[in-house]
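Coordinates in review
Here's the letter readout for the chains.
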Amino acid sequence: MQKSVFKKTIEIIIFIIFIFFLFAPLLSLGIWSVALRWYWPHTFPQEIGFDYWFQALGITKSLTLGAVNVVPAFWLSLGIAIVVVIITMAIAIPAGYALAKLRIPTFLKGLILILFLMPRAFPQQPVFLNLMLMFNKIGLTGTVLGVIFVHLVVGLVYAVWITASTFRSIPPELEEAARSVGASRLKAFFKVTLPLSAPGLIASAVFVFLTSMDEFTGTFFVGLPFVTTLPMTLYSASGSNIQFASVIAILLLIPSILFMVLIQKFLKAEHIGGMGG
Amino acid sequence: MSDNAKSELALRKSEVGVGVERPLSYNLPFLLLFPAVMAILSLYLYPFLSSFWKSFISKEGILSLANYEKTLNLYRYDVLFTMGVTLLSTLIATVLSILLAVYLRLSKGWITNIVGILYRLPIFLPFVVIAQMMRSFLAPHGIFNLFLAKLGLINIENPLQFFNWTGLTFGFVWKEAPFMVLIILGGFQMIDDSYIEAARSVGAKLPQIITKVLIPMNKTTILIAVTLVFCSFVGCFSFPYMLIGGKTPVTITVDIAHRVNYFGDYGVANALGVFSYIIVSFLALYYLRSMMRKGLYD
């Protein structure tokens, strides 16, 4: 009995430490986003309010150093992400289907698998750097189109893996049954396989959407200084104004948490970690 | 054409139906894969390979090892720093995540349930948000120092400095350990309770259950998690850039950005990139091999 009380106490102490380290950094962001005046070493800000939120959201004008209206950056990020999702899924669904369902010579399949695994295994920054040099030659550096290409390659790898594992989980007998009663391959795909794999495909699309919204390294090289997505505004506010940076950071983390909570049960664990390099 | 001939033709068509489809079903996988493979070849593999090629081209445009010489002269210490911080962070994240996964696998109760839900939170946050979070949380006048001062652990006039390898390690473990828990716990849950009961019944204590049952039965899963985390640290740019970007020593990724932004020196930047490939090479090759096998034979 004595021992189990002791164990419970240890468990509760570790639990409190866990909660502190999990939430204190988040709390720090939250407090800073509403801190108008906060002098060291006061425990709490002397003055709190939503002034920086209003300024960042463009509701009130501001002349503060480092103040940015994040609304245009938000629309730009959203627009890029939507285009990236559409193109990526249009390319990834056929590729994932082929990898999961069709016969491909083993050697070739191995090569293709390696190609789609490499971006996960090797650092991507040197790739973005050389992509920038490539884009310099054809005038894509600093353009929205260039940034879309970068986000496309980042999202495509995950999209192909997730769609392939989704299609693999659909029993082939179902499609065969549809074809044995006269449906063409295309019809069997649209009437049987596609509806059954819809949850996985939607999860994959949401995942691509978030990688695009959060993408930093590629946009840093290919997009700056002309294409300022939301993560880029966070980067530039970070050095000059902690309140604005905190507001933008919170704006960025809300969709990440919201969407991932919704879709995580459709994703394999190893894919989830690929968020926002 | 008579009706008879027509029906015969139709019959023959249906007989050779398989044969007609064969060229299509032979080509179909390649048609479906073509756009994705082309995109990866041109937007990933070509720039990946050109980082090797460009690392051997000197400023004068000739083939030489000058960039590597310069890299070793200027950034030797940063390469070692990157390896050191990566090893330390990965080690801490691995130990913490295995312990947490063991706890979540073997314990029951309301605390376990809460931890089992909450620990996932950091996984979903992008590094750029984590960077800003740690910049404010770990700042000399940040909440963490304030907290330590209130507890009387440090002098408030002399706060701890975290904008160095310590903060980098802390932030990285904060994000990646939960991700490792997610993968490793998945593996632990595949092990049937009967194995653990059997080990208990022959007198195994908790440490033995961990080292003799749980870890050996999930070796591959754990190694994959370690690999992903190790490689993502070496390649992580936004977090070290925003946390310790203006200081020394920094990670390779920060040096690459400085080399490009301040000097336009792509040769040395690419040589640094090749160093980062070399650091991850062993684990990356292991990952490629085991994941390829899984993809081919599952």
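What counts as what
- Residues numbered from 1 in each chain as written.
- Chains lettered and ligands numbered in written order.
- Predicted model: local features only at pLDDT ≥ 70, side-chain atom pairs only at ≥ 80, totals over all residues.
- Helix = DSSP H or I, 4+ residues; strand = E, 2+ residues; numbered from the N terminus.
- Rg over C-alpha atoms; globule rule 2.2 N^0.38 Å.
- Buried ≥ 20, exposed ≤ 12 C-beta atoms within 10 Å, placed from the backbone.
- Contact = placed C-beta atoms within 7 Å.
- Axes fitted to C-alpha atoms, helices over the stretch in contact; angles between N-to-C directions.
- Parallel < 35°, antiparallel > 145°, perpendicular 65-115°, else oblique.
- Left-handed = near helix turned anticlockwise from the far one by under 90°.
- Nonpolar A, V, L, I, M, F, W, Y, C, P; charged D, E, K, R; others polar.
- Expected span 1.5 Å × (residues − 1).
- Bend = angle between axes of the 7 residues up to and from the residue.
- Domains from an automatic or database assignment.
- Core = buried A, V, L, I, M, F, W, Y, C linked by C-beta atoms within 7 Å.
- pLDDT = per-residue confidence, 0-100.

In this section: the overall build of chain B. Along its length, chain B carries 13 helices and zero strands. Taken from N to C terminus, the helices and strands of chain B fall in the order α-α-α-α-α-α-α-α-α-α-α-α-α. Compactness check: chain B gives a C-alpha radius of gyration of 27 Å against a globular reference of 19 Å for 298 residues, more than 25% above the reference. Dimensions of chain B along its principal axes, counting C-alpha atoms only, are 105 × 70 × 30 Å. By residue count, 44% of the 298 residues in chain B fall in the buried class. Within chain B, contacts between residues separated by at least 24 positions form 73% of all contacts whose residues are at least 6 apart in sequence.

Next up on the list: the overall build of chain A. In terms of regular secondary structure, chain A is built from 12 helices and two strands. A compact globule built from 277 residues should have a C-alpha radius of gyration of about 19 Å, whereas chain A, at 23 Å, is more than 25% larger. Each principal axis of the C-alpha distribution contributes one length, and for chain A these read about 75 × 70 × 35 Å.

In this section: the packing of helix α10 (residues 230-238) of chain A against helix α11 (residues 242-263) of chain A. All names here are of chain A. Interhelical geometry of α10 versus α11 gives an angle of 155° and a closest axis separation of 8 Å. Viewed along their axes, α10 and α11 adopt a mutual orientation that is roughly antiparallel. The element α10 and its partner α11 pack so that their crossing is left-handed. Side by side, α10 and α11 meet where L230, P231, T233, L234, A237 and S238 of the first sit next to F244, A245, I248, A249, L251 and L252 of the second. Within the contact of α10 with α11, the residues separate by chemical class into 10 nonpolar, two polar and no charged.

Given a rise of 1.5 Å per residue, 41 residues ought to cover 60 Å, and the 56 Å separating the end C-alpha atoms of helix α3 (residues 66-106) of chain B matches this to within 8%. Residue Y75 of chain B marks the point of greatest curvature in α3 of chain B, where the axis turns by about 75°.

For the rest of this paragraph, the subject is the domain arrangement of chain A. All names here are of chain A. You can read the domains of chain A as domain 1 (2-49) and domain 2 (71-272). A separation of 35 Å is found between the C-alpha centroids of domain 1 and domain 2. Listed as interface residues are five residues of domain 1 and, on the opposing side, six residues of domain 2. Ranked by residue count, the leading element in the side of domain 1 that touches domain 2 is helix α1 (residues 2-34), at four residues. Split by residue class, the side of domain 1 that touches domain 2 holds three nonpolar, two polar and no charged.

Chain B puts 73 residues into the contact, and the matching count from chain A is 72 residues. The element that contributes the greatest number of residues to the side of chain B that touches chain A is helix α2 (residues 17-55) of chain B, accounting for 17 residues.

Backbone torsion omega between T248 of chain B and P249 of chain B reads -10°, so that peptide bond is classified as cis. Locating P249 of chain B in the fold gives a position in the loop between α11 (238-244) and α12 (252-263).

Our focus in this paragraph is the environment of F221 of chain A. Residue and element names in this part refer to chain A. The residue F221 is located in helix α9 (residues 217-222) in this model. Residues F221 and L133, spaced 88 residues apart in sequence, show a C-alpha to C-alpha distance of 9.5 Å. The residues contacting F221, other than those within four sequence positions of it, are F128, L129 and M132.

Turning to the nonpolar core, a few remarks are in order. With 159 residues, the main nonpolar core has V153, L156, V160 and I248 of chain A together with A36 and I184 of chain B as its most contacted residues. Sorting elements by how many residues they give to this core places helix α6 (residues 144-168) of chain A first, with 16 residues.

Residues and elements named next belong to chain B. With 91% of its residues at a pLDDT of 70 or more, chain B shows a mean pLDDT of 85. Residue range residues 9-20 is modelled with pLDDT below 50. Its contacts to residues more than four positions away, or to other chains, number zero contacts. Interface scoring of the predicted complex returns ipTM 0.86; its pTM is 0.86.

Turning our eyes to something else, we now look at the environment of G171 of chain B. Residues and elements named next belong to chain B. Position of G171 among the secondary structure elements: in helix α7 (residues 165-190). In sequence terms G171 and M133 are 38 residues apart; their C-alpha atoms lie 8.9 Å from each other. Setting aside residues no more than four positions away along its own chain, G171 makes contact with I130, M134, F239 and L243.

Residues and elements named next belong to chain B. Helix α13 (residues 266-297) packs onto helix α10 (residues 219-235) with a crossing angle of 150° between their chain directions and a minimal axis gap of 9 Å. Overall, the two elements α10 and α13 adopt an arrangement that is roughly antiparallel. In this structure, the crossing between α10 and α13 has a hand that is left-handed. Taken together, the residues of α13 that come into contact with α10 (itself represented by T220, I224, T227, F230, C231, V234 and G235) are S276, I279, V280, L283, A284, Y286, Y287 and S290. Among the residues making up the contact of α10 with α13, the classes are represented as 10 nonpolar, five polar and no charged.

Residue and element names in this part refer to chain B. Secondary-structure assignment places Q132 in helix α5 (residues 127-137). Overall, the presence of 30 C-beta atoms within 10 Å leaves Q132 in the buried class. Counting along the chain gives 87 residues from Q132 to K219, while the straight-line C-alpha distance between them is 35 Å.

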